[in-house]
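If you want the building blocks of each chain, they are given just below.
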Amino acid sequence: MKRIYFFLAFLLTVAGFAQQPHVAEIESEELWTSRDSLRIYGRLYRPAGCEGRLPLLVLAHGFGANHEVVEPYAEAMARRGFLCYIFDFCGGSRVSRSDGRTDHMSAFTERADLQSILAQLRRRSDVDTTRVCLLGESQGGLVSAMTAAECAPLVSRLVLLYPAFNIPFDAVRRFPRPEDMPETYDIWGMHLGRVYGACFYGYDVWKDIVRYTGPTLILHGNRDRVVPARYGLEAAARYRDAQFHTIAGSDHGFHGADFDAAMAYISAFLGQ
């Protein structure tokens with residue numbers, strides 16, 4: 001009976017979210033941040049007319065993408081009262097507007113990008129530093145989890161969309177020994193350097209990410225062919241306070257009705 005009640009409640013939530021009018025108009029501005037000597041391109045979204053300190057949501061894109069893939073989530077959450085920052089990782093793709101080269105990029109350089117962004121945005125007078133949240137998709141989900149672990153006291157909630165926890169395992173599986181790894185190689189149209197895979201030798205992603213003990217939401221498509229859902233389920237089992245939900249029929253990315261379903265979960269989770 002409890003499962004039936006939850007399922008009906010979720011359907012009503014999804015339907016309500018899909019039909020919900022915008023609670024506020026939004027505005028956006030170009031906002032550059034930086035990491036060391038590298039400039040990071042980004043955009044800040046906010047509900048128009050809202051004053052005072054607002055909760056902050058920093059959204060991280062996946063491998064080979066840029067800020068545009070998480071823009072729909074930023075717009076949706078800005079309409080619900082959040083400051084939302086989207087950005088391009090340094091060397092994160094061929095279409096990145098940030099500085100940096102793809103063959104210098106790794107999950108750890110991206111973690112450094114995100115740490116630096118958090119530090120700079122937390123100094124803004126319009127940010128509620130008690131409500132700073134991270135959202136990451138795919139590789140950006142892996143990086144957001146790593147960053148939350150490194151900056152645990154500063155992150156109030158963590159949202160992971162089909163997080164690519166398989167990357168450390170796949171990298172070592174591809175090149176079992178450090179001497180097997182070439183100086184450069186290409187994956188999915190991305191020209192990568194040795195640092196991308198070499199950083200995972202001796203790295204235990206499960207031991208690392210659970211240093212973050214705050215509330216965590218993990219969403220995964222049950223037909224994901226890029227990152228099998230079992231990785232998200234494994235992470236949820238290891239986190240101290242995690243919710244795990246699958247979007248039925250969805251692959252690697254949420255669009256249309258799948259996006260509405262994901263946003264129903266995200267909106268409820270971040271609004272708690």
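Residues numbered from 1 in each chain as written. Predicted model: local features only at pLDDT ≥ 70, side-chain atom pairs only at ≥ 80, totals over all residues. Heavy atoms only, no water.

**Here's the deal with the packing of aromatic side chains**
Per the stated rule, a full pass over the model turns up 14 aromatic pairs. Geometrically, the ring pair formed by Phe 169 and Trp 206 is tilted, given 6.1 Å between the ring centres and 40° between the ring planes. Remark: Trp 206 occurs in helix α7 (residues 205–209) and Phe 169 occurs in helix α5 (residues 167–174); sequence separation between them is 37 residues. Phe 169 gets classed as partly exposed once you look at its relative accessible area, which sits at 31%. Within the aromatic cluster, the residues linked to one another by ring pairs are Phe 165, Phe 169, Trp 206 and Tyr 231. Above the plane of the ring of Trp 32 lies Arg 39, whose end atom (NZ or CZ) is 4.4 Å from the centre. (Phe/Tyr/Trp six-rings, centres within 6.5 Å; stacked < 30°, edge-to-face > 60°. Helix = DSSP H or I, 4+ residues; strand = E, 2+ residues; numbered from the N terminus. Buried < 20%, exposed > 50% of the residue type's maximum accessible area, 1.4 Å probe, protein only. Lys NZ or Arg CZ within 6 Å of the ring centre and 35° of its normal.)

**Describing the nonpolar core**
Among the nonpolar cores identified, the biggest contains 53 residues, and Val 58, Phe 87, Phe 165 and Tyr 239 are the most heavily contacted of them. Among the nonpolar cores identified, the runner-up in size contains 29 residues, and Ala 76, Cys 133, Val 159 and Met 263 belong to it. (Core = buried A, V, L, I, M, F, W, Y, C linked by side-chain atoms within 4.5 Å.)

**A word on the side chain of Glu 110**
On the secondary structure map, Glu 110 appears in helix α3 (residues 107–121). Nearest to the buried, unbridged Glu 110 among oppositely charged side chains is Arg 35, at 8.4 Å. Sequence-distant contacts of Glu 110, defined by excluding residues within four places in its chain, comprise Phe 89, Gly 92, Met 105, Gln 139 and Val 143. (Lys, Arg positive; Asp, Glu negative; His and termini not counted. Salt bridge = Lys/Arg side-chain N within 4 Å of Asp/Glu carboxyl O. Contact = heavy atoms within 4.5 Å.)

**Here's the deal with the pairing of strand β11 (residues 216–221)**
Burial analysis of β11 places six of its six residues in the buried class, the great majority of the element. Of the two faces of β11, the one holding Thr 216, Ile 218 and His 220 and the one holding Leu 217, Leu 219 and Gly 221 are both buried throughout. The pairing of strand β8 (residues 157–161) with β11 spans four bridges and is parallel. Opposite Leu 158, over in β11, you have Thr 216 as the bridge partner. Following the backbone out of β11, through helix α8 (residues 229–238) and into the adjacent parallel strand β12 (residues 242–247), one traces a crossover that is right-handed. (Pairing = 2+ DSSP bridges. Right-handed = clockwise from strand over helix to strand, strands pointing away.)

**Here's the deal with the packing of α3 against helix α4 (residues 139–150)**
Closest axis-to-axis distance for the α3/α4 pair is 9 Å, and the angle between their directions is 60°. The orientation of α3 with respect to α4, classified from their angle, is oblique. Crossing of α3 over α4 shows right-handed handedness. Note on element contacts: α4 touches α3 through Gln 139, Leu 142, Val 143, Ser 144, Met 146, Thr 147 and Glu 150, opposite Ala 107, Phe 108, Glu 110, Arg 111, Leu 114, Gln 115 and Leu 118. Its residues assigned to classes, the contact of α3 with α4 shows seven nonpolar, four polar and three charged. (Axes fitted to C-alpha atoms, helices over the stretch in contact; angles between N-to-C directions. Parallel < 35°, antiparallel > 145°, perpendicular 65-115°, else oblique. Left-handed = near helix turned anticlockwise from the far one by under 90°. Nonpolar A, V, L, I, M, F, W, Y, C, P; charged D, E, K, R; others polar.)

**Observations regarding the state of the cysteines**
Simply put, disulfide is the name for a covalent bond between the sulfur atoms of two cysteines. If you walk through the whole model with that rule in mind, you get zero disulfides. The thiol sulfur of Cys 133 is not disulfide-bonded, and the nearest other cysteine sulfur, from Cys 84, lies at 9.4 Å. Cysteine Cys 199 remains unbridged, with the sulfur of Cys 90 as its closest cysteine sulfur at 16 Å. (Disulfide = S-S within 2.5 Å.)

**Topic: the pairing of β12**
Where β11 and β12 come together, six bridges link them in parallel fashion. For Thr 216, the partnering residue across the bridge sits in β12 and is Ala 242.

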